[in-house]
Amino acid sequence: MRATERHGSVSHKFVEQPVEAPGSYGFPSIHNVAIQGEHLSPHNFEQYESSSATSKYHVQSSPSSLSFSAHGSPTSQPDMQSYQSSGSPLNQSCLTNDVGGLSLKIRELESLLLGNESDVLDIYGITSQVKHDQDLSGEQNWKQMMGMISKGDLKEVLCACAEALAENDMSTTEWLMSNLHQMVSVSGEPVQRLGAYMLEGLVARLASTGSCIYASLRCKEPASAELLSYMHILYEICPYFKFGYMSANGAIAEAMKDESRVHIIDFQIAQGSQWITLIQALASRPGGPPHIRLTGIDDSTSAYARGGGLDLVGKRLSRLAESYKVPFEFHAAGISASEVQLEDLAVQTGEALAVNFAFTLHHMPDESVSIENHRDRLLRVVKSLSPKVVTLVEQESNTNTAPFCPRFTEAFSYYGAIFDSIDAALPREHKERINVEQHCLAREIVNIIACEGVERVERTELLSKWRSRFMMAGFSPYPLSSIINATIKTLLQSYSEKYTLEERDGALYLGWKNQALVACCAWR
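Residues numbered from 1 in each chain as written. Predicted model: local features only at pLDDT ≥ 70, side-chain atom pairs only at ≥ 80, totals over all residues. Heavy atoms only, no water.

## Things to note about the overall build of the protein
- When helices and strands are tallied, the protein shows 16 helices and 11 strands.
- Counting across all 524 residues of the protein, residues that qualify as buried make up 60%.
- Carbon and sulfur atoms make up 48% of the accessible area of the protein, which totals about 20,000 Å². (Helix = DSSP H or I, 4+ residues; strand = E, 2+ residues; numbered from the N terminus. Buried < 20%, exposed > 50% of the residue type's maximum accessible area, 1.4 Å probe, protein only. Areas by Shrake-Rupley, 256 points an atom, 1.4 Å probe, with all protein chains shown as cover.)

Written as C-alpha cells, this is what we have:
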C-alpha cells in the first residue's frame, strides 16, 4: 500500500460490499476478508453443514489468529472437534439478523454466555461449598471488596477475582464471580462488554476447561461467510490492520524499487488481501513492474474462514496481477508456520527476497513453551536466506511470559482500548457489533485468561522484546521512511481523532488515546 493510494471515509455498509484490502485478526485472522473488486459473498464459499444445537458443541481445538489476529486472529480458524458441554443445550444460533428481536437475542446470548448466578458456580460441575471453604483473608479485605462492588468498580472486582483464583481461594473466587455476573453485559458500556468475556475466561480457568476454550463461549460457530462479514466490519471500522499492512507494504516497495525479480514470503497468507495494493503500486513503477513470486504459508485450519484451499488465493491474485500486466507466480505452502523448513520456501537464485510477518509470530511457541523454540528458529531460518527486507507487524502487548495476574491486567488494558475504539466507530445498538466482538475478539481474550502451556496460543510481546529476538538472529534495523509515516497519517484522517501515531527508533506505533496497540518495523 503506497502513499499514492486514496483512502475514503469509513463505510457503515459493511455486508455485501467490495473491500479494498481486508485482512485477517488477529486479532483472528483479519486477513480473511474479501479481495478488492471481488466480494466474497456466501455463494463463493463451501457451505459447512452446522450440526443441530444439542449438548455437543463444535469447537476449535487450537486457536488460530485474526488476532487481532491473523490466526483467528481476524486469521485462521482451528480444526473442529466435538466437546461435551455440561451446560444447557443451545437450541439455536446465539444471534440472528432479526433487528426487531435484537433485545431478546442479547438477553439470550447473555444467558447462554454467563448463565444465571447459580450457573456461574455450577455450570462446569464446580461444587459451591462457600460456607465450608476458608474464610475471607480478613475483615479489611472483606470491606475493601465490598467497597469495590458497591462502587461498581468493575476493573478492580475482576482483578480481585483473578487474584483470588491465582491464590486458589475458591470461596472468594466464587463469591466475586457471583457479583461480577450482575456487573457485566455484552450490550453495555465497553468495560461491561469486555468484562463479560473476561469473566467467561475466569470461569473457564476455574473449571480447568482451557483446552475447550471455544466451547466455553457456548455459542454456535458462525458459517464461514458470516465470519468473513464480521472480520470485514472490524477491518473497516478500526485502522489497526490497514495500518500494519500499509506500513509493511511500504517498506517492501521501497526495498524493491530497483529489483526486476521479487520473491515475497508471507508467513500468514490467509486471503492474500495484503498484497492487492502492493501489486497495484508495483504495476505503476517507472520502468515497468518487476516479476513477482509470492509464497503463501498457511495451514489447513484457515480453509474454514477462507472457504477453500490456498489455490483460491493464488487464482485471485493471479487474475488481479494479470489485469495490471504484472508478471506473477504463486507458490502455496500449506503447512503451519511453526513447521516451516528451509526447503518449503522454494527460494531461487537471482531473486530479491522480502519476508512478511504480519500478526503471526506471536502464535509461534517460544523457549517458555517448547525446547524447539519455533519463534527464534524461524527468524534464524529467514536470516540464512539473506532477505533484502523483513517486515514485522504485531500487537504491542505483553501476554507471553507474564504471570497470570499481570497478564490479566495487561489484557484488560489492551482490549479495553480496543472495545472503546469500537464503541466510538460503531453504534452500540448496531446488530452486528456483538457478533464482531464475540467472534473476532472474545476468543483471544478467553484464551489469554483460561489457557496455559501449549494451549495458550495468544502470546504477544512488546516491540522491545521482538527487537532483541531479531538482533540475536543477526538482523539489523531497516528504518521506515517518512513517506510511510505520511501515508498512515492520511489514513487516520478517516477515523477518530483519538487514534495516535508515534514514530520511535525507526518503528511506527498506532494507538488509541494513551494506549499503544500495534507496532510495525522492518529489518534486513
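After that view of the structure, there is still more to cover.
## Focus on the confidence of the model for the protein
- In this model, the protein carries a mean pLDDT of 78, and residues with pLDDT of at least 70 account for 69%.
- Overall, residues 123-134 carries pLDDT values under 50, and its contacts beyond four positions in sequence, including any with other chains, amount to 29 contacts.
- Scored below 50 in pLDDT, residues 214-220 shows 35 contacts in the model against residues more than four places distant or in partner chains. (pLDDT = per-residue confidence, 0-100. Contact = heavy atoms within 4.5 Å.)

## Observations regarding the pattern of salt bridges
- Following the criterion strictly, the structure yields 18 salt bridges and no others.
- D420 is paired through a salt bridge with K513; the nearest N and O atoms lie 2.9 Å apart. Here D420 is found in helix α13 (residues 404-425), whereas its partner K513 is found in the loop between β10 (507-512) and β11 (515-523), with 93 residues between them in sequence.
- The class of D420 is partly exposed, set by a relative accessible area of 22%.
- Several salt bridges share partner residues, and in doing so they unite E189, R193, D423, R428, R433 and E437 into one network. (Salt bridge = Lys/Arg side-chain N within 4 Å of Asp/Glu carboxyl O.)

## Structural notes on helix α16 (residues 482-492)
- Among the residues of α16, those classed as buried are I484, N485, T487, I488, L491 and L492. Along the long axis of α16, the arc covered by the buried residues comes to 160°, so they all point the same way. Exposed residues on α16 whose side chains face more than 90 degrees from its buried face are S482, I483 and K489.
- Elements in contact with the buried residues of α16: α8 (240-255), β9 (499-504) and β10. (Arc of directions from axis to C-beta.)

## With respect to helix α4 (residues 154-166)
- For α4, with 13 residues, the first-to-last C-alpha span of 18 Å sits near the 18 Å given by 1.5 Å per residue.
- Those residues of α4 that sit buried are L154, V157, L158, C159, A160, C161, A162, A164 and L165.
- Of the residues trailing α4, N168 is marked for its positive phi of about 60°. (Expected span 1.5 Å × (residues − 1).)

## Re the nonpolar core
- Core analysis: the biggest nonpolar cluster contains 100 residues, and M198, L202, Y240, I264 and F408 have the highest contact counts within it.
- Dropping the residues within four chain positions of it, I264 is found in contact with I252, W275, L278, I292, R293, L294, T295 and A354.
- With 29 residues, the next largest nonpolar core counts V355, M364, L378 and F470 among its residues. (Core = buried A, V, L, I, M, F, W, Y, C linked by side-chain atoms within 4.5 Å.)

## What to know about unusual backbone geometry
- Located in the positive-phi region is K325, a residue other than glycine, with phi close to 60°.
- Judged by its relative accessible area of 70%, K325 falls in the exposed class.
- A positive phi is found at D505, a non-glycine position, where the angle reads about 55°.
- Counting through the fold element by element, D505 comes out in the loop between β9 and β10.

## A closer look at the sheet that holds β10
- Strand order in the open sheet made by the eight strands is β6-β5-β4-β7-β8-β11-β10-β9, with mixed pairing throughout. The open sheet has two edge strands with one neighbour each: β6 (328-333) and β9. For this sheet, the mean angle separating the axes of adjacent strands, direction not counted, is 15°.
- Relative to strand β8 (residues 389-395), strand β7 (residues 352-358) runs parallel, the two being bridged by five bridges. Bridge pairing links N356 to T391 in β8.
- Where α8 meets the sheet, it contacts β4 (261-266), β7, β8, β9, β10 and β11, and its direction lies at approximately 15° from that of β11. (Pairing = 2+ DSSP bridges. Axes fitted to C-alpha atoms, helices over the stretch in contact; angles between N-to-C directions.)

## Remarks on the packing of α4 against helix α6 (residues 190-206)
- Their axes nearest at 11 Å, the elements α4 and α6 cross at an angle of 10°. Classified by the angle their axes make, α4 and α6 are roughly parallel. Within the contact between the two elements, α4 uses L154, L158, C161, A162 and L165 and α6 uses V191, Q192, G195, M198, L199, L202, R205 and L206.
- The residue inventory of the contact of α4 with α6, partitioned by class, reads 10 nonpolar, two polar and one charged. (Parallel < 35°, antiparallel > 145°, perpendicular 65-115°, else oblique. Nonpolar A, V, L, I, M, F, W, Y, C, P; charged D, E, K, R; others polar.)

## Regarding the environment of V389
- Take V389: it is sitting in strand β8.
- The spacing of V389 and I252 is 137 residues in sequence and 6.6 Å in space, taken between C-alpha atoms.
- Excluding its chain neighbours within four sequence positions, the residues that come into contact with V389 are A251, I252, A255, M256, L353, A354, V355, Y478, A522 and W523.

## A closer look at the pairing of strand β5 (residues 291-297)
- Among the seven residues that make up β5, seven are buried, leaving the element largely enclosed by the rest of the structure.
- With burial as the criterion, each face of β5 is covered, one bearing H291, R293, T295 and I297 and the other bearing I292, L294 and G296.
- The pairing of β4 with β5 spans six bridges and is parallel. Following the sheet pairing, D266 is matched in β5 by G296.
- Note on the crossover from β4 through helix α9 (residues 276-283) to β5: the handedness is right-handed.
- Of the pairings in the sheet, the one linking β5 to β6 comprises six bridges and is parallel in character. (Right-handed = clockwise from strand over helix to strand, strands pointing away.)

## A short note on the environment of G201
- Looking at where G201 falls in the secondary structure, it is placed in helix α6.
- Judged by its relative accessible area of 0%, G201 falls in the buried class.
- When the C-alpha atoms of G201 and I448 are compared, they prove to be 8.0 Å apart, with 247 residues separating the residues in sequence.
- Those residues in contact with G201 that lie beyond four places of it in its chain are V446, I449 and A450.

## A word on the state of the cysteines
- Applying the stated criterion across every chain, the model contains zero disulfides.
- Free cysteine C405: the closest other cysteine sulfur is in C159, separated by 8.1 Å.
- Among the cysteines around C521, which has no disulfide bond, C520 carries the closest sulfur, lying 6.4 Å off.
- In this structure C521 comes out as buried when scored by relative accessible area, which is 5%. (Disulfide = S-S within 2.5 Å.)

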